[in-house]
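Summary of the model geometry
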Amino acid sequence: MTIDVILPCLNEEAALGWVLGRMPDGYRPIVVDNGSTDRSALVAVEHGALVVHEPRRGFGAACHAGLLAASAELVCFMDADASLDPAQLPLVASAVLGGGGDLVLGRRVPKAAGAWPPHARLGNAVLAGILRRRTGAPLHDLGPMRAARRSALLALELTDRRFGYPLEMVLRAAAAGWRVAEVDVDYLARAGRSKVTGTVRGTLRAIADMRRVMAS
């Protein structure tokens, strides 16, 4: 079967070649260009990816545009900055296909020095703890590599179009009675600066977006 892989992208020219070159057979990459000013879209085309242009800025806007463009019943999401290895996508996808969960997240395990800055790792741990208490799901990471069935995701009617999108997905899935699970995946040093933890502005925006989702 074909599995669609949604890759939100904003200026990831340096990483995309490696990411797309390691995509497993049967996994179709959908690169959602969210207003890149570099050659990201061209690199994606050169590597055979389907390119979707989402002019409205926002991580959630890019993710949801990819979800709407997908046609496979099973979809995966992952970052396009080379911090995650596409070769490990079958770990999360097979957990859904095998009945291990309805929404399966990749729990990041750092494999390189500096891959996960201490402040970002601490913030993620705090958020995961809140999610465990609120949803009962045995989560330790709000992992960006994840898999679920497309039709079920669309039925969740996610509304956030910024950094709160991944969090809203977990909250709504748990509220709908989904089995939310996680599997370990490698976390590598990203190519370039993070859009979230790489700047004070990005970190503050992500925190504000997630607080808004938690309060809704």
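Description of the structure in this document. (Residues numbered from 1 in each chain as written. Predicted model: local features only at pLDDT ≥ 70, side-chain atom pairs only at ≥ 80, totals over all residues. Heavy atoms only, no water.)

1. Observations concerning the nonpolar core
Membership of the largest hydrophobic core comes to 36 residues, with the highest contact counts inside it found for Leu 7 and Cys 76. Elements that contribute at least two residues to this core include exactly strand S1 (3-9), helix H1 (13-21), strand S2 (27-33), helix H2 (40-46), strand S4 (74-77), helix H4 (89-97) and strand S7 (180-187). The element that contributes the greatest number of residues to this core is H4, accounting for five residues. Judged by nonpolar contacts, the second largest core, of 32 residues, contains Ala 137, Leu 139, Leu 153 and Met 214. (Core = buried A, V, L, I, M, F, W, Y, C linked by side-chain atoms within 4.5 Å. Buried < 20%, exposed > 50% of the residue type's maximum accessible area, 1.4 Å probe, protein only. Helix = DSSP H or I, 4+ residues; strand = E, 2+ residues; numbered from the N terminus.)

2. What to know about the pairing of strand S3 (residues 50-53)
Direction of pairing for S2 relative to S3: parallel, over a ladder of four bridges. Following the sheet pairing, Val 31 is matched in S3 by Val 51. Assessed by its sense of winding, the connection that carries the chain from S2 through H2 to S3 is right-handed. (Pairing = 2+ DSSP bridges. Right-handed = clockwise from strand over helix to strand, strands pointing away.)

3. Notes on unusual backbone geometry
Although it is not a glycine, Asn 11 adopts a positive phi angle of roughly 55°. By the element assignment, Asn 11 lies in the loop between S1 and H1. Residues other than glycine seldom take positive phi values, yet Glu 157 does so here, at roughly 55°. Among the structural elements, Glu 157 can be located in the loop between helix H6 (150-155) and helix H7 (165-175).

4. Quick look at the pattern of salt bridges
Tallied over the full model, the rule gives seven salt bridges. A salt bridge links Arg 39 to Glu 46, with the nearest nitrogen and oxygen atoms 3.1 Å apart. Assessed through its relative accessible area of 35%, Arg 39 is described here as partly exposed. The structure contains a network of salt bridges with shared partners spanning Glu 13, Arg 39 and Glu 46. (Salt bridge = Lys/Arg side-chain N within 4 Å of Asp/Glu carboxyl O.)

5. Overview of the layout of surface pockets
A volume near 150 Å³ is recorded for the second largest pocket. Around the second largest pocket, the lining residues are Arg 134, Thr 159, Asp 160, Glu 168, Leu 171, Arg 172, Arg 212, Val 213 and Ser 216. Those elements that provide at least two residues to the lining of the second largest pocket are H7 and helix H8 (200-215). Looking at the lining of the second largest pocket residue by residue, the class counts come to two nonpolar, two polar and five charged. (1 Å grid on protein atoms, 1.4 Å probe; cavity = no way out; pocket = protein on both sides within 12 Å on 5 of 7 lines; lining within 4 Å. Points joined across faces, edges and corners; volume = space filled by probe spheres on them. Nonpolar A, V, L, I, M, F, W, Y, C, P; charged D, E, K, R; others polar.)

6. Looking at the sheet that holds strand S5 (residues 103-110)
Strand pairing within a sheet occurs via backbone hydrogen bonds; the two strands may be parallel or antiparallel. Pairing is mixed across the open sheet formed by seven strands, whose spatial order is S3-S2-S1-S4-S6-S5-S7. With one partner strand each, in any of the chains shown, S3 and S7 form the two edges of the open sheet. With direction set aside, neighbouring strand axes in the sheet form an average angle of 25°. Most of the contacts of H4 go to strand S6 (residues 146-149), to which it runs at about 30°, and overall it touches S1, S2, S4, S5, S6 and S7. (Axes fitted to C-alpha atoms, helices over the stretch in contact; angles between N-to-C directions. Contact = heavy atoms within 4.5 Å.)

7. What about the packing of helix H5 (residues 118-135) against H7?
At their nearest, the axes of H5 and H7 sit 10 Å apart, and the two run at 15° to each other. On the basis of their axis angle, the class for H5 and H7 is roughly parallel. As for how H5 packs across H7, the hand of that crossing is right-handed. Every residue of H7 that contacts H5 at Leu 127, Leu 131, Arg 134 and Thr 135 is listed here: Leu 167, Val 170, Leu 171 and Ala 174. Residue composition of the contact of H5 with H7, grouped by class: six nonpolar, one polar and one charged. (Parallel < 35°, antiparallel > 145°, perpendicular 65-115°, else oblique. Left-handed = near helix turned anticlockwise from the far one by under 90°.)

8. Brief notes about the pairing of S6
For S4 and S6, the ladder comprises four bridges, and the chain directions are antiparallel. Residue pairing for S6: Cys 76 is matched across the bridge by Ala 147. Looking at chain direction, S5 and S6 are connected through three bridges and run antiparallel. From the neighbouring strand, Leu 103 faces S6, where its bridge partner is Ala 148.

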